[in-house]
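Chain by chain, the residues run as shown.
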Amino acid sequence: MNFDRLAVPALQGLRAYDPGHDLVAWRRRVGPSLVELGSNENPWGASPAARAAVLDQLHAIHRYPDPLGGDLKRALAQKHGLAVEQLILGNGSHELLMQFAQVFAGPGDEVVASQYGFAVYAIATQAAGATLRAAPALPREHATMPRGHDLDAIAEAVGPRTKLVYLANPNNPTGTHFTIDTLANFLRKLPPEVLVVVDEAYAEFVEGGESALSLLAHHPNLIVTRTFSKAYALAGLRVGFAVAHPGLIAVIERVRESFNVNCMGLAAAEAALGDVEHLQWGLARNAEERARLADALRSRGWFVHPSQTNFLLVEFGARTAAIEAGLLDRGVIPRPMIGYGLGDCLRITVGDRNENRRFLDALDALA
Ligand SMILES: *Cc1c(COP(=O)(O)O)cnc(C)c1O
């Protein structure tokens, strides 16, 4: 039986999202000394208030969670100066990114994203039966945004069939960031019925705190996504959200599974949002460690893409495969980039001081 043929045409031959190495198997093999730098997780851990909020939910796990996520949405609305009707919660922002294509693009439609843009955009597009148009990224030699989003090229790729544009700012895996003025200019150029998703999974890490949220009032075709997985260190609980015009949110709500965010995630995210001190502490430590790690790699002669995130894209050239294998041998997990067409690079999450030391020691042992 050809099971692939049983799937709807859009899904036949679709390759699922590749989460990198099998971390559970590696943990079993190596034990607690494993250094996990492959998934951009937060090494500093979640706010103590978020942990307490999870425990506080144990008495309630036989109940369904709040299908509206009302408390978390009100806290988010308050923090960002939004109306609750502008918000939709997701089981991670990944879920929402998939839903946008499902809702707004179908067979015959086009979706535009950048070369080296986050891998989920292509999967969402294909799963919806739409066609991806990939705009060329900026050149590797670009001074501030090597291999970053070229918003002019992206605007050029938008055509009469384009329904949706996916941007990541900062972008994963390049770590690059474009300014809010660049985005505002881009939005002015686009037809108003083309929806623009700005994935801000790493927005908290950006110096100066610029966000596309500030452009929502003037652009009803703009959708901004955020997550609690990275700066807020709640990756295991799966909470993300999107912000857009209430009319647009109401349409997306039609495909949301009613209990998509669980009670522990809702409670922990709300508590984490209230612990600004813990967030700032983690961001400061990340900035410090990222600078040290980037310096250490550059002093060893490797090309490191400038980053406004909690990871570094590092070009190891012809030695990439050997370095990856050597790191794994020494219990250090990087993220391979072959799937992105960047087989000469590895993506390295900024760990804590000790983890970064162990990564550099392993690298030096290979030299
Ligand atoms: C990590 C990441 C996400 C998804 O995070 P969730 O855990 O699903 O909220 C989305 N976009 C980018 C660019 C990411 O790196």
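Residues numbered from 1 in each chain as written. Predicted model: local features only at pLDDT ≥ 70, side-chain atom pairs only at ≥ 80, totals over all residues. Heavy atoms only, no water.

Remarks on the site of the ligand
Step number 1: Near the ligand, the surroundings consist of 13 residues, among which Asp199, Tyr202, Thr227, Ser229 and Lys230 are the closest.
Step number 2: One of the backbone N or O atoms of histidine 94 is found 3.0 Å from an oxygen atom in the ligand.
Step number 3: Burial of the ligand by the protein amounts to 93% of the accessible area it has alone, namely 390 Å².
Step number 4: Broken down by element, the shell around the ligand gets its largest block of residues, three residues, from helix H4 (residues 93-104).
Step number 5: Residue composition of the shell around the ligand, by class: four nonpolar, six polar and three charged. (Near = heavy atom within 4 Å. Polar contact = N/O pair within 3.5 Å; in protein donor to acceptor, adjacent residues only side chain to side chain. Areas by Shrake-Rupley, 256 points an atom, 1.4 Å probe, with all protein chains shown as cover. Helix = DSSP H or I, 4+ residues; strand = E, 2+ residues; numbered from the N terminus. Nonpolar A, V, L, I, M, F, W, Y, C, P; charged D, E, K, R; others polar.)

Here we look at the side chain of arginine 147
Step number 1: Assignment of secondary structure puts arginine 147 in the loop between strand E4 (131-135) and helix H6 (151-157).
Step number 2: Look at arginine 147 and you get buried, because its relative accessible area is 9%.
Step number 3: A polar contact of 3.1 Å, which involves the side chain of arginine 147, links it to the side chain of histidine 305.
Step number 4: Apart from the residues within four sequence positions on either side, arginine 147 is in contact with Tyr116, Ala137, Leu138, Pro139, Arg140, Thr174, His305, Glu315, Leu342, Asp344 and Cys345. (Buried < 20%, exposed > 50% of the residue type's maximum accessible area, 1.4 Å probe, protein only. Contact = heavy atoms within 4.5 Å.)

Regarding the UniProt feature "domain: Aminotransferase class I/classII large" (unreviewed entry) in the protein
Step number 1: UniProt records the feature "domain: Aminotransferase class I/classII large" (unreviewed entry) for residues 34-363 in the present numbering.
Step number 2: A helix fraction of 37% and a strand fraction of 16% characterise residues 34-363, whose end C-alpha atoms lie 15 Å from each other. (UniProt positions renumbered as here; feature names shortened; annotations may be inferred.)

Structural notes on the pairing of strand E3 (residues 110-114)
Step number 1: The element E3 is extensively covered by neighbouring structure, given that five of its five residues are classed as buried.
Step number 2: Covered by surrounding structure in E3 are Glu110, Val112 and Ser114 together with Val111 and Ala113, the residues of both alternating faces.
Step number 3: Pairing of E3 with E4 involves five bridges; the strand directions are parallel. Residue pairing for E4: valine 112 is matched across the bridge by arginine 133.
Step number 4: Once you follow E3 into helix H5 (residues 120-127) and on to E4, the crossover reads as right-handed.
Step number 5: Two strands pair when backbone bridges link them, and E3 and strand E5 (residues 162-168) are joined in this way by four bridges, in the parallel orientation. Residue valine 111 lies in a different strand from E5, and its bridge partner there is leucine 164. (Pairing = 2+ DSSP bridges. Right-handed = clockwise from strand over helix to strand, strands pointing away.)

Re the sheet that holds E4
Step number 1: Strand order in this open sheet of seven strands is E2-E8-E7-E6-E5-E3-E4, and the pairing throughout is mixed. For this open sheet the edge positions go to strand E2 (87-90) and E4, each flanked by a neighbour on one side alone. The sheet shows a mean angle of 20° between the axes of neighbouring strands, taken without regard to direction.
Step number 2: Examined bridge by bridge, E5 and strand E6 (residues 195-199) share five bridges and lie parallel to one another. Counted as the bridge partner of leucine 167 is valine 198 from E6.
Step number 3: Lying over the sheet, helix H3 (residues 70-80) contacts E2, strand E7 (222-227) and strand E8 (240-243), oriented at roughly 125° with respect to E2. (Axes fitted to C-alpha atoms, helices over the stretch in contact; angles between N-to-C directions.)

Considering the UniProt feature "modified residue: N6-(pyridoxal phosphate)lysine" (unreviewed entry) in the protein
Step number 1: Per the UniProt annotation, the sites labelled "modified residue: N6-(pyridoxal phosphate)lysine" (unreviewed entry) are Lys230.
Step number 2: Relative to the helices and strands, lysine 230 resides in the loop between E7 and E8.
Step number 3: Look past the residues within four positions of lysine 230 in its chain and what remains in contact with it is Asn40, Asn42, Ala201, Tyr202 and Phe205.

A short note on the packing of H4 against H5
Step number 1: One can describe the packing of H4 onto H5 by two numbers: an axis separation of 8 Å at closest approach and a directional angle of 40°. Classified by the angle their axes make, H4 and H5 are oblique. Handedness of the H4/H5 crossing: right-handed. Where H4 approaches H5, its residues His94, Leu97, Met98 and Ala101 are matched on the opposing element by Val120, Tyr121, Ile123, Ala124, Thr125 and Ala127.
Step number 2: Tallied by class, residues from the contact of H4 with H5 come to eight nonpolar, two polar and no charged. (Parallel < 35°, antiparallel > 145°, perpendicular 65-115°, else oblique. Left-handed = near helix turned anticlockwise from the far one by under 90°.)

With respect to the nonpolar core
Step number 1: Core analysis: the biggest nonpolar cluster contains 60 residues, and Val165, Leu167, Leu183, Phe186 and Phe228 have the highest contact counts within it.
Step number 2: Sorting elements by how many residues they give to this core places helix H9 (residues 263-274) first, with seven residues.
Step number 3: The two domains that each donate at least three residues to this core are domain 1 (18-42 + 277-365) and domain 2 (48-274).
Step number 4: When neighbours within four sequence positions are excluded, phenylalanine 228 is seen to be in contact with Leu72, Leu76, Ala233, Leu234, Ala235, Val239, Phe241, Ala269 and Leu273. (Core = buried A, V, L, I, M, F, W, Y, C linked by side-chain atoms within 4.5 Å. Domains from an automatic or database assignment.)

Details of the pairing of strand E13 (residues 345-349)
Step number 1: Extensive coverage of E13 is indicated by the burial of five of its five residues.
Step number 2: Neither face of E13 is left uncovered, since the one carrying Cys345, Arg347 and Thr349 and the one carrying Leu346 and Ile348 both have all their residues buried.
Step number 3: With two bridges connecting them, strand E12 (residues 335-336) and E13 associate as antiparallel partners. Counterpart to proline 336 in the pairing with E13 is leucine 346.

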